[in-house]
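Here is how the chains run, residue by residue.
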Amino acid sequence: MAIQVKAFKKTKEVKVHSQIIVPIRFMRACTGPPQKDCPDVDARGFEMATRPKTWGVTEVRGAMVGITVGDTIKVRLSREDIDNHCPFYITSDKPNLVQVISPSPGAPVGADGIIQLKGIRDVRDDTAIIKVHLGSPEGPVIGELEPHTFNLIKVNVCVHRVTLQGANHGIPAMTGRSDDDITAMFGVVNAIWRPCGIEFVIKERRTPTFTLTSTTALITGPRQGCVVIDNSNNWAVQHTELMGKNPKRHMVNVYFVNRIWDITDPNGGETLGIGTSMIAGYGNYGVTLPDGADENDLAHELGHVLNLDFHGGGVVAHADDNATTRHFRQDIMTRRRLMHSYNPHAVETGEPPYREDVGYGPDLRGCLLTLKDLPNDDTDGEVAEARRRARGPIP
Amino acid sequence: MTTPEKETGEDGRIEIHIQGEQATLQLLWEGRAVAEYIVTISNADLEPETALLGQQQRLRILGYQLGHMGNDQNGVDGNKRWETERAILDFQADHGLTINCINGEADQPTQARLKTEVGW
């Protein structure tokens, strides 16, 4: 929704004669770590782009947000060009799908700009519109948000706390994470994935000891006890081998290891996880996660398992990969996304300071899983694709 | 100059006839102005679309938010900041362009499309 002004001047040719007005913006309700009731808002542009077949049509021009059925989420309304004292009122055109919890009916939005929405039903070919009214509940609409409500899909996970043989070099060969550590990690992961209507559930825990044999030449010396990758030669062969080690079928297998050693890096690299898609024909799938990785990394790799950033069985560039300058999360739109390419915990050296905070605090990466499917973005539309894969069957 | 109060139609559009070079659009609530926008009615050129200031002028006309810096407190001042980068990225997303704005730089196709969309 936008107000469009077109002005005419009768006596002269006019070169500039219109102004589109968008006085508000929807944003994540909080800053800091992921919270399940504070989803990222997909506010990439105003257009609604290509829509999955089940989402119906919309006339909304604005942002999208996801809600799991039964959940209440918070979204912040930011005043871009409008007086702080002018009240806003929020309505849902289909409260049987999405209900406005706060502000209460007839009350204006509070000074903090927070609105709360509850997901009621997940239906095919229909969607609700959240409207922002100026001045009264019946006032003119100055902004719109399109929430999508999703039934919860539970994805079962088998967690492996792995010991790798051959650690005679002082590097611990077993993951340092405890069961409690891993449970806490999945709590954050599920906060990130909740707006997509997806929850990862630890159904089984194993503590295996393996010897990786696929690249014996690579696992000598200090590399023993690590998962070794070699970017110059079938880089993920040991990850693939690990995925085949006693996996639990019909679950996503996550192998926690002490370290992933990048042989092409003289210092052993700092690869923060590997995830492979569950789609048929790709082979063993799952996640290898080293002790240096965090919850954002785990959520990211689980995205790969649900086929994000993969097309047709082969790996394609991540959202922000650049053929000539790979490995930089170069712009603020891609820095916000969970499915990024290069995955530093801190910002790149030399980047402008404003890049350091994309809504999660200084130096923290974003967690946006995209609802919009832009024609000029090969790897977005992530929520629809992830849900399609999570719905199964899981091989 | 004062123009009559008007309401948008269902398509959100208002058309007005004015005299002079510039008008101020006000959103009114209970008779008070709660938002103001400068609507430029001008034969004068915008800054070139190749210049950051010209890009900001066009983005603003098209409704993209640029923050509140600058003399008019609308982010149109020729200086790089994250709001301009966000606006260019949003514009690229909306118009099927390669989403590649880095450090607030708009590439040539983006510059050309900005000019096309504004008509000048």
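Residues numbered from 1 in each chain as written. Chains lettered and ligands numbered in written order. Predicted model: local features only at pLDDT ≥ 70, side-chain atom pairs only at ≥ 80, totals over all residues.

A.B. asks: Is there a simple way to explain the nonpolar core in this structure?
C.D. replies: Side chains that are nonpolar tend, in soluble globular proteins, to be buried together. Residue and element names in this part refer to chain A. Judged by nonpolar contacts, the single largest core of 113 residues is most densely connected at Val75, Val189, Val227 and Leu302. Broken down by element, this core gets its largest block of residues, 6 residues, from helix α1 (residues 179–193). When residues no more than four places from it in sequence are discounted, the contact partners of Leu302 are Val189, Phe200, Val252, Gly275 and Val287. (Core = buried A, V, L, I, M, F, W, Y, C linked by C-beta atoms within 7 Å. Buried ≥ 20, exposed ≤ 12 C-beta atoms within 10 Å, placed from the backbone. Helix = DSSP H or I, 4+ residues; strand = E, 2+ residues; numbered from the N terminus. Contact = placed C-beta atoms within 7 Å.)

A.B. asks: Sorry if this is basic, but what is going on with helix α1 (residues 52–61) of chain B here?
C.D. replies: Given 3.6 residues to a turn, an α-helix orients residues that are three or four positions apart in the same direction. Burial analysis of α1 of chain B places 8 of its 10 residues in the buried class, the great majority of the element. When α1 of chain B is considered as a whole, its buried residues turn out to be Gly54, Gln55, Gln56, Gln57, Arg58, Leu59, Arg60 and Ile61 of chain B. Among the structural elements, β2 (18–21) of chain A together with α2 (82–94) and α3 (108–118) of chain B are those in contact with the buried residues of α1 of chain B. One or two positions beyond α1 of chain B, positive phi appears at Gly63 of chain B, with a value near 95°.

A.B. asks: What exactly am I supposed to notice about the packing of α1 of chain B against α3 of chain B here?
C.D. replies: Packed helices, taken two at a time, are described by the angle between their axes plus the distance between the axes. Residue and element names in this part refer to chain B. Taken N-terminus to C-terminus, the directions of α1 and α3 make an angle of 45°; their axes are 10 Å apart at the nearest point. When the axis of α1 is compared with that of α3, the two are oblique. Seen along the crossing, α1 lies across α3 with a hand that is left-handed. The residues of α3 that touch α1, namely those facing Gln55, Arg58, Leu59 and Ile61, are Gln111, Leu114 and Val118. Considered class by class, the residues forming the contact of α1 with α3 number 4 nonpolar, 2 polar and 1 charged. (Axes fitted to C-alpha atoms, helices over the stretch in contact; angles between N-to-C directions. Parallel < 35°, antiparallel > 145°, perpendicular 65-115°, else oblique. Left-handed = near helix turned anticlockwise from the far one by under 90°. Nonpolar A, V, L, I, M, F, W, Y, C, P; charged D, E, K, R; others polar.)

A.B. asks: When you look at the sheet that holds strand β9 (residues 130–134) of chain A in this model, what are you seeing that I'm missing?
C.D. replies: All names here are of chain A. Strand order in this open sheet of 4 strands is β4-β10-β9-β6, and the pairing throughout is mixed. Only two strands of the sheet have a single partner each, and these edge strands are β4 (63–68) and β6 (88–92). Within this sheet the neighbouring strands show an average axis-to-axis angle of 30°, counted without direction. By the bridge criterion, 6 bridges tie β4 to strand β10 (residues 141–150) in an arrangement that is parallel. Paired with Gly66 across the two strands is His148, which belongs to β10. (Pairing = 2+ DSSP bridges.)

A.B. asks: What am I meant to see in the sheet that holds strand β7 (residues 98–102) of chain A here?
C.D. replies: Consider a sheet: its strands pair through backbone hydrogen bonds, and that pairing is either parallel or antiparallel. Residue and element names in this part refer to chain A. Taken together, the 4 strands give an open sheet; going across it, the order is β3-β5-β8-β7, and neighbouring strands pair in antiparallel fashion. Edge positions in the sheet fall to β3 (24–28) and β7, since each has one partner strand and no second. With direction set aside, neighbouring strand axes in the sheet form an average angle of 35°. Pairing of β3 with strand β5 (residues 72–79) involves 5 bridges; the strand directions are antiparallel.

A.B. asks: For this particular structure, what's the right way to read the domain arrangement of chain A?
C.D. replies: When the parts of a complex come together, some accessible area is lost, and that lost area is often taken as the interface size. Residue and element names in this part refer to chain A. Entries for chain A in the domain assignment read domain 1 (3–150) and domain 2 (153–390). Contact residues are listed per partner, giving 24 residues for domain 1 and 25 residues for domain 2. For the side of domain 1 that touches domain 2, the elements supplying multiple residues, two or more each, are β4 and β10. Ranked by residues supplied to the side of domain 1 that touches domain 2, first place goes to β4 with 5 residues. A per-class count over the side of domain 1 that touches domain 2 returns 11 nonpolar, 7 polar and 6 charged. (Domains from an automatic or database assignment.)

A.B. asks: Explanation requested: unusual backbone geometry in the structure shown.
C.D. replies: All names here are of chain A. Geometrically, the link from Ser102 to Pro103 is a cis peptide bond, its omega value of 5° lying close to zero. Position of Pro103 relative to the elements: it lies in the loop between β7 and β8 (114–119). The omega angle of the peptide bond from Gly392 to Pro393 is 5°, so this bond is cis rather than trans. Mapped onto the elements, Pro393 comes out in the segment after α5 (382–390).

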